[in-house]
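Chain residues, written in single-letter form:
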Amino acid sequence: MENTGQADTKKRSIRSFVKRSGRLTTGQQEALEQLWPRYGIEFDATKKLDFVTIFAGLESIKLEIGFGNGDSLVQMAHNDPGSGYLGIEVHEPGVGHCLIKAEQTGVENLRIMSRDALDILEYMIPDATLDAVFLFFPDPWHKKKHHKRRIVNRLFRDEMARVLKPGGVLHMATDWQDYAEHMAENMLADERFTNLGDENGFSPKPDYRPQTKFERRGLKFGHGVWDLMFRLSSSQ
Ligand SMILES: C[S@@+](CC[C@H](N)C(=O)[O-])C[C@H]1O[C@@H](n2cnc3c(N)ncnc32)[C@H](O)[C@@H]1O
């Protein structure tokens, strides 16, 4: 699963993740070897993804960025067989876990990529092709000196405005109030998007979003949970 791509990509000096060490279980290692060819898509900076071929017959395409162990991604794909789901995650054990779950559940409408989502967005996702983008419990980078690592920023919003179809929805969730407010502030100030929530930018959790692993962890620590949903205006 070497994802070097075939062209130079920008060297990003600030990334929204640090590669966590974490040993692969034997099952995850086997999944990466045996199931990656079935579900995985390699990074290639010279090629845009052709969703018509990848998800033949499925008109609605949904992307999850940073799916963690993939449990909630697989569940969403299973519950929504009419949509094609693309998941992106850099943490290898999470990718292995997701592959195992995908096979156990028998989902056909799921593909996985393993690389910085910002590279994939920039080089491989064509304009106006996504019906929804999910960003659930992104790394909060709660120390002030790390705020620059937060994935939700101007560049991310520009990419969302480019890859979503007009009317497509960016759905984010976090258990850090400070990050929720940062997300809301960013999105409310962006005239390309319409807030689907209350005046503060927060929405009730929609039924299709499963509880995620990190959400459960946050709840154990007594954190709240904030969902934010913003629709790309039709006049892009
Ligand atoms: C806090 S975890 C949340 C995982 C999952 N969404 C959940 O709620 O359980 C954030 C995940 O995003 C991944 N991640 C962060 N930045 C990323 C990026 N730029 N591209 C791909 N994955 C990223 C991390 O590896 C990590 O697994």
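The paragraphs below set out a description of the structure included in this document. This is a predicted model, so every value here is computed, not measured.

This next bit is on the environment of Arg-23. Considering the arrangement of structural elements, one finds Arg-23 in the segment before helix H1 (26-34). The exposure class assigned to Arg-23 is exposed, which follows from its relative accessible area of 78%. The spacing of Arg-23 and Pro-93 is 70 residues in sequence and 7.1 Å in space, taken between C-alpha atoms. Look past the residues within four positions of Arg-23 in its chain and what remains in contact with it is Gln-28 and Pro-93.

Reading across the sheet, the seven strands line up as S3-S2-S1-S4-S5-S7-S6 and stay open at both edges, with mixed pairing between neighbours. Single-partner strands in this sheet number two, and they are strand S3 (110-113) and strand S6 (193-195). Sheet twist, expressed as the average angle between the axes of neighbouring strands with direction ignored, equals 20°. On the sheet, helix H6 (residues 117-124) packs against strand S1 (60-65), strand S2 (83-88) and S3 and is oriented at approximately 145° with respect to S1.

What follows deals with the pattern of salt bridges. Summed over all chains, the structure comprises 17 salt bridges. The partner of Asp-44 in a salt bridge is Lys-47, and the shortest N-O contact between them spans 3.7 Å. Relative accessible area serves as the criterion here: at 7%, Asp-44 is assigned to the buried category. Here Glu-159 ties to Arg-162 by a salt bridge, and the two come within 2.8 Å at their closest N and O atoms. Here Arg-162 and Glu-159 lie together in helix H7 (residues 154-163), a separation of three residues that amounts to about one turn. Salt bridges linked by common partners bring Arg-154, Arg-157, Asp-158, Asp-190 and Arg-192 together as one network.

Let us look at the packing of aromatic side chains. Counted by the stated rule, this structure contains four aromatic pairs. With a centroid separation of 5.3 Å and an interplanar angle of 25°, the aromatic rings of Phe-134 and Phe-136 are classed as stacked. Grouping residues by exposure puts Phe-134 and Phe-136 together as buried. An aromatic cluster is defined as three or more aromatic residues linked by ring pairs; in this entry it consists of Phe-134, Phe-136 and Tyr-208. When the ring centre of Phe-43 is taken as reference, the NZ or CZ atom of Arg-115 above it lies at 4.0 Å.

The subject of this paragraph is the site of the ligand. Around the ligand, a shell composed of 20 residues is seen, among which Ser-16, Arg-20, Glu-89, Phe-136 and Thr-212 lie nearest. Gly-66 is positioned with one of its backbone polar atoms (N or O) 2.8 Å from a nitrogen atom of the ligand. One nitrogen or oxygen atom from the side chain of Glu-89 is found 2.5 Å from an oxygen atom belonging to the ligand. In the complex, 96% of the free accessible area of the ligand, which totals 600 Å², lies under the protein chains. Looking at side-chain class alone, the shell around the ligand contains nine nonpolar, five polar and six charged residues.

Turning next to the pairing of strand S7 (residues 226-232). One face of the sheet, then the other: side chains in a regular strand alternate in exactly this way. The buried count for S7 comes to six of seven residues, which makes it a mostly enclosed element. Bridging between strand S5 (residues 164-174) and S7 involves six bridges; their strand directions are antiparallel. Directly across from Ala-173, in S7, lies its bridge partner Asp-227. Taken together, the three bridges between S6 and S7 define a ladder with antiparallel strand orientation. The partner of Phe-193 across the bridge, within S7, is Leu-232.

Two elements in contact, H6 and H7, have axes separated by 11 Å at closest approach and are oriented at 40°. In terms of axis orientation, H6 runs oblique to H7. By crossing handedness, the relation of H6 to H7 is classed as left-handed. Contacts from Leu-118, Leu-121 and Glu-122 in H6 reach Leu-155, Phe-156, Glu-159, Met-160, Arg-162 and Val-163 in H7.

About the criteria used
By convention here, each chain's residues receive numbers from 1 onward along its written sequence. Only residues with pLDDT of at least 70 are given local features in this predicted model, and only at 80 or more are side-chain atom pairs given and counted; all residues enter the totals for whole chains, interfaces and linings. Processing note: side-chain calculations cover all non-hydrogen atoms of the structure and skip hydrogens and water entirely. In this description a helix means any DSSP run of H or I spanning at least four residues, a strand means any run of E spanning at least two, and both kinds are numbered starting from the N terminus. Exposed residues in this analysis have more than 50% of their type's maximum accessible area, buried residues have under 20%, and partly exposed residues fall in between, with area computed by a 1.4 Å probe over protein chains only. By definition, residues are in contact when any of their heavy atoms lie within 4.5 Å. Only when DSSP finds a minimum of two bridges between them are two strands counted as paired. Here an angle of 0 to 180 degrees is reported between the N-to-C directions of two axes, which are lines fitted to C-alpha atoms, with helices fitted over the stretch in contact. The salt bridge criterion pairs a side-chain nitrogen of Lys or Arg with a carboxyl oxygen of Asp or Glu, the two atoms within 4 Å. Under the pairing criterion, centres of Phe, Tyr and Trp rings, with the six-membered ring standing for Trp, must be within 6.5 Å; the plane angle then separates stacked pairs below 30 degrees from edge-to-face pairs above 60, leaving the rest tilted. Here, a charge over a ring is recorded when the distance from Lys NZ or Arg CZ to the ring centre is within 6 Å and its angle to the ring normal is within 35 degrees. Any residue with at least one heavy atom within 4 Å of a molecule or strand is counted as near it. A 3.5 Å cut-off defines polar contacts: any pair of N or O atoms within that distance qualifies, except that in protein one atom must be a possible hydrogen donor and the other a possible acceptor, and neighbouring residues in sequence count only when both atoms are side-chain atoms. With residues, only the protein chains shown are counted as cover, and all accessible areas are computed by Shrake-Rupley using a 1.4 Å probe. Under this grouping Gly is polar, as are all residues other than the nonpolar Ala, Val, Leu, Ile, Met, Phe, Trp, Tyr, Cys and Pro and the charged Asp, Glu, Lys and Arg. Under this scheme an angle from 65 to 115 degrees is roughly perpendicular, one under 35 degrees roughly parallel, and one over 145 degrees roughly antiparallel; angles in between are oblique. When the near helix sits turned anticlockwise from the far one by under a right angle, the crossing is termed left-handed; a clockwise turn instead gives a right-handed crossing.

By themselves these figures say nothing about function.
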